[in-house]
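Tertiary structure, described
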Amino acid sequence: MTEQRLAQDPRRRIPRTDDLLALPEVAAARSRLSEAVLRETVRRAQDRARSGQIAPDDVAPALVADLAARSATSLRPVLNATGVVVHTNLGRAPLSEAAVQALVTAGGYVDVELDLASGVRSRRGAGTREALLAALPEAEDALVVNNGAAALVLATTALGAGREVIVSRGEFVEIGAGFRLSDLIASTGARLREVGTTNRTHLADYADAVGPDTGCLLKVHPSNFRVSGFTAAVPVAGLRDLALERGVPLVVDVGSGLLRHDPALPQEPDLASALADGADVVIASGDKLLGGPQAGLLLGRAEVIQRLARHPLARAVRADKLSLAALEATLVGGPAPVARSLHADPGRLLERTETLARDLARGGAATVVPHDGRVGGGGAPGVPLPGWAVRLPEAVAPLLRAGDPAVLPRVHDGACLVDLRCVPESRDEALTAAVRSALDALGGDS
Ligand SMILES: *Cc1c(COP(=O)(O)O)cnc(C)c1O
């Protein structure tokens, strides 16, 4: 009797693990997913049948669907519809096609530190260094490290440890969560010597502070806020003579990594100008306005850059082959998405936005409104990038974020704003479909 009931139990018809692992779809997924992940996915499909969520016959199709949806990375691609070009929470700069290709190449064995002609070890990332120097002939030498913070730590450690680093009080910045300039420099063993006041610092303030204990003069771009009103700061060119006269290096952290002056961002400092104005070392991030991978760039006088490169800390903050490859390709290859978004043609942006609103055809629920984009990510604070957005009910936003593809809109003033500035034009249709299904899920014209 018991045996008969067991034979009828549908759970006995659940496919066996070995049979499921032998499915051609599972075999095909072996190149993407580990054996442990495959087995775990199989077990979960079987468990769903055991608990009665699906029928035994549906285990194989459910497994195939699970595998198709399973990627080796948990990171999900996001359409950035916020209008914020360098979005910290979305990984800052999306890479150019050339940089993505370079990542694929660099994923294998590559001659990152080898001279193939002679077979001996070579300078690491020589091609990247050459590309940087070609882009910025104002610099004599270049060094790439892990990120901008690491570049700053390396420079202040190598030039200022046990000595004083002179900084204007108005440039005492907190860059982002957990990164305060003062803490960072204190951690290097350098003593921070503040000069001036929050709103005004003069050349004489620097001159009074320079002495036998001075390791370097440091100028930091306050990249995420702006002081206005009764203010004064000494520009790089103003500090050059003092630095030369007293024989102390002048280090300038420009932050965003703009190579040259951009009329679209009139206040944003750039690497070329800082070098031309007399900085011994300039520091910048690779993944802000340069539009490349995470990296810290150090460029300037050969003697100083080589001193930094020889410091033991340089080894601890060195850039990996993937970043070196992507950075070189960002400089040498076609335009980076950051530059495209920053200089998006306003007429074309309006056309695309109107098309999106029309395709949604929601009788008033989707309207085109003026909307300013932003540079974001510690660059050009307060500088608007005039454009447009499709305005939707606020309740659409969480549905868009949870959708496929995931879309991150801007939620502001009780509305969900979809700004196309940072959405590649080739993705407009996918975006339209995502918004439409979010609106459908919300229940029509609400
Ligand atoms: C962003 C920024 C940094 C830090 O660079 P990361 O690449 O984020 O480490 C340092 N200084 C300034 C002025 C910045 O804007």
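Residues numbered from 1 in each chain as written. Predicted model: local features only at pLDDT ≥ 70, side-chain atom pairs only at ≥ 80, totals over all residues. Heavy atoms only, no water.

Considerations on the pattern of salt bridges
This is how the line gets drawn: Any Lys or Arg side-chain nitrogen found within 4 Å of a carboxyl oxygen on Asp or Glu counts as a salt bridge. Secondary structure counts use DSSP, requiring at least four H or I residues in a row for a helix and at least two E residues in a row for a strand, with both numbered from the N terminus. Each residue gets one of three labels from its accessible area relative to the maximum for its type: buried under 20%, exposed over 50%, partly exposed in between, using a 1.4 Å probe on protein chains only.
In total, this model carries 25 salt bridges according to the counting rule given. With a shortest N-O distance of 3.9 Å, Arg39 and Glu35 are connected by a salt bridge. Taken as a pair, Arg39 and Glu35 lie in helix α4 (residues 35–50) at a separation of 4 residues, close to a single helical turn. Between Arg123 and Asp141 there is a salt bridge, and its shortest N-O distance comes to 3.3 Å. A residue pair is termed long-range when its members are at least 10 positions apart, and Arg123 in the loop between β3 (120–121) and α7 (126–135) and Asp141 in strand β4 (residues 141–145) qualify at 18 residues. Judged by relative accessible area, Arg123 falls into the partly exposed class, the value being 40%.

Quick word on the domain arrangement of the protein chain
The condition that has to hold: Note that the domain bounds reflect an automated or database-derived domain assignment.
When its domains are assigned, the protein chain resolves into domain 1 (2–69), domain 2 (78–87 + 340–445) and domain 3 (95–334). The straight-line distance from the C-alpha centre of domain 1 to that of domain 2 is 40 Å.

A word on the site of the ligand
Note the cut-off: When we say a residue is near a molecule or strand, we mean one of its heavy atoms is within 4 Å of it. What qualifies as a polar contact is a pair of N or O atoms within 3.5 Å, subject to a donor-acceptor requirement within protein and to the restriction that residues adjacent in sequence count only when both atoms come from side chains. Three categories are distinguished: nonpolar for Ala, Val, Leu, Ile, Met, Phe, Trp, Tyr, Cys and Pro, charged for Asp, Glu, Lys and Arg, and polar for the others, with Gly belonging to the last.
Near the ligand there are 13 residues, and of these Ala149, Ser223, Asp253, Ser285 and Lys288 occur at the shortest range. Here Arg92 contributes a side-chain N or O atom positioned 2.8 Å from an oxygen atom of the ligand. Counted by class, the shell around the ligand contains 3 nonpolar, 7 polar and 3 charged residues.

Looking at the pairing of strand β5 (residues 164–168)
What counts, and what does not: If DSSP finds at least two bridges between two strands, the strands pair.
Counting buried positions along β5 yields 5 of 5 residues, so the element is predominantly enclosed. The sheet contact formed by β5 and strand β8 (residues 191–195) spans 5 bridges and is parallel. Pairing of Ile166 across the sheet is with Arg193, part of β8. Where β5 and strand β9 (residues 214–220) come together, 3 bridges link them in parallel fashion. Across the sheet, Ile166 pairs through a bridge with Leu217, a residue of β9.

What to know about α7
Cut-off, in case you're wondering: Note on contacts: a residue pair is in contact if any heavy atoms of the two residues lie within 4.5 Å.
Within α7 the residues assigned to the buried category are Thr128, Ala131, Leu132 and Leu133. As for α7, its buried residues are in contact with β4, β12 (296–300) and α15 (321–332).

A word on the side chain of Arg352
With respect to the helices and strands, the residue Arg352 is situated in helix α17 (residues 346–360). Owing to a relative accessible area of 8%, Arg352 belongs among the buried residues under this scheme. Separated by 2.8 Å, the side chain of Arg352 and the backbone oxygen of Val423 make a polar contact. Among residues more than four places away in sequence, those in contact with Arg352 are Leu420, Val423, Pro424, Glu425 and Asp428.

A closer look at the sheet that holds strand β11 (residues 281–285)
Rules: Angles here are taken between N-to-C directions and fall from 0 to 180 degrees, while the axes themselves are lines fitted to C-alpha atoms, restricted in helices to the stretch in contact.
What the 7 strands build is an open sheet, ordered β4-β12-β11-β10-β9-β5-β8; its pairing is mixed. Two strands close off the open sheet at either side, each with one partner strand: β4 and β8. Ignoring which end each strand starts from, the neighbouring axes of this sheet average 25 degrees apart. The strands touched by α7 are β4 and β12; relative to β4, the strand with the most contacts, the crossing angle is about 125 degrees. Set on the sheet, helix α13 (residues 302–310) makes contact with β4, β11 and β12; between it and β4 the angle comes to about 30 degrees.

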